[in-house]
Amino acid sequence: MADLKQFAEQLVNLTVKEVNELATILKDEYGIEPAAAAVVVAAGGGDAGGASEQSEFTVVLKDAGASKLAVVKLVKELTGLGLKEAKDVVDGAPSNVKEGVSKEEAEGLKKSLEEAGAVVELK
């Protein structure tokens, strides 16, 4: 049982890049779709730590900016969504790109999206 707890901790602490690599491996080698993998990874999170500092963040796309196509492609890549679903997220702005992520992951997503021209907020 301790091994499973350790494994869960490793999943929760993955970076965005590592989650994307894991999704690719699960899809290519085991036939598990990336959206399902993202749900598994997201479900494993959650710290019962102190209430003084926020531990989970939501990345909110406020506006796609001038480079809408680049933002759609980036949302698709970062979330593992299909092209249509990623476009729906961008078209529906303000909308949540990812929920319940760590501060580091949220800041990384925000930085990437802002570099693509989007307006992003962390909640």
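Preceding this paragraph is the structure being described.
Residues numbered from 1 in each chain as written. Predicted model: local features only at pLDDT ≥ 70, side-chain atom pairs only at ≥ 80, totals over all residues. Heavy atoms only, no water.

## Focus on the environment of Asp-63
Here's step 1: Note that Asp-63 resides in strand β1 (residues 57-63).
Here's step 2: Assessed through its relative accessible area of 43%, Asp-63 is described here as partly exposed.
Here's step 3: Spatially, the C-alpha atoms of Asp-63 and Ser-95 are 8.8 Å apart, while their sequence positions differ by 32 residues.
Here's step 4: If we ignore the near neighbours within four places in the chain, the residues touching Asp-63 are Ala-93, Ala-118 and Val-119. (Helix = DSSP H or I, 4+ residues; strand = E, 2+ residues; numbered from the N terminus. Buried < 20%, exposed > 50% of the residue type's maximum accessible area, 1.4 Å probe, protein only. Contact = heavy atoms within 4.5 Å.)

## Describing the packing of helix α4 (residues 68-79) against helix α5 (residues 83-91)
Here's step 1: Packing of α4 against α5 brings their axes to within 8 Å, and their N-to-C directions diverge by 125°. Classified by the angle their axes make, α4 and α5 are oblique. By crossing handedness, the relation of α4 to α5 is classed as right-handed. Residue-level contacts link Lys-68, Val-71, Val-72, Val-75 and Lys-76 of α4 to Leu-83, Ala-86, Lys-87, Val-89, Val-90 and Asp-91 of α5.
Here's step 2: Among the residues making up the contact of α4 with α5, the classes are represented as seven nonpolar, no polar and four charged. (Axes fitted to C-alpha atoms, helices over the stretch in contact; angles between N-to-C directions. Parallel < 35°, antiparallel > 145°, perpendicular 65-115°, else oblique. Left-handed = near helix turned anticlockwise from the far one by under 90°. Nonpolar A, V, L, I, M, F, W, Y, C, P; charged D, E, K, R; others polar.)

## Some details on helix α2 (residues 16-30)
Here's step 1: Over its 15 residues, α2 extends 20 Å from the first C-alpha to the last, a length consistent with the 21 Å expected when each residue adds 1.5 Å.
Here's step 2: At the C-terminal side of α2, Gly-31 shows a positive phi close to 75°. (Expected span 1.5 Å × (residues − 1).)

## Comments concerning the sheet that holds strand β3 (residues 119-122)
Here's step 1: In spatial order, the strands read β2-β1-β3; together these three strands make up an open sheet with antiparallel pairing. Of all the strands in the sheet, just β2 (95-101) and β3 have a single pairing partner and so form its edges. Direction aside, the axes of adjacent strands within the sheet are offset by 20° on average.
Here's step 2: Of the pairings in the sheet, the one linking β1 to β2 comprises four bridges and is antiparallel in character. In the strand pairing of β2, Phe-57 is matched with Val-101. (Pairing = 2+ DSSP bridges.)

## Thoughts on the nonpolar core
Here's step 1: Core analysis: the largest hydrophobic core is formed by 21 residues, its most contacted members being Val-59, Leu-61, Val-71, Val-75, Val-90 and Leu-113.
Here's step 2: Every element with two or more residues in this core is listed here: β1, α4, α5, β2 and α6 (103-115).
Here's step 3: The element contributing the most residues to this core is α4, with five residues.
Here's step 4: Among residues more than four places away in sequence, those in contact with Leu-113 are Val-59, Val-71, Leu-74, Val-75, Leu-78, Val-97, Ala-118 and Val-120. (Core = buried A, V, L, I, M, F, W, Y, C linked by side-chain atoms within 4.5 Å.)

## Concerning the pattern of salt bridges
Where charged atoms of side chains with opposite charge meet at close range, the side chains can pair.
Here's step 1: Summed over the entire model, instances satisfying the criterion amount to six salt bridges.
Here's step 2: Residue Glu-105 pairs with Lys-98 through a salt bridge whose shortest N-O separation is 3.1 Å. You'll find Glu-105 and Lys-98 in the same group, each marked buried.
Here's step 3: A salt bridge links Lys-110 to Glu-114, with the nearest nitrogen and oxygen atoms 3.9 Å apart. Taken together, the residues Lys-110 and Glu-114, both in helix α6 and four residues apart, mark about one turn of the helix. (Salt bridge = Lys/Arg side-chain N within 4 Å of Asp/Glu carboxyl O.)

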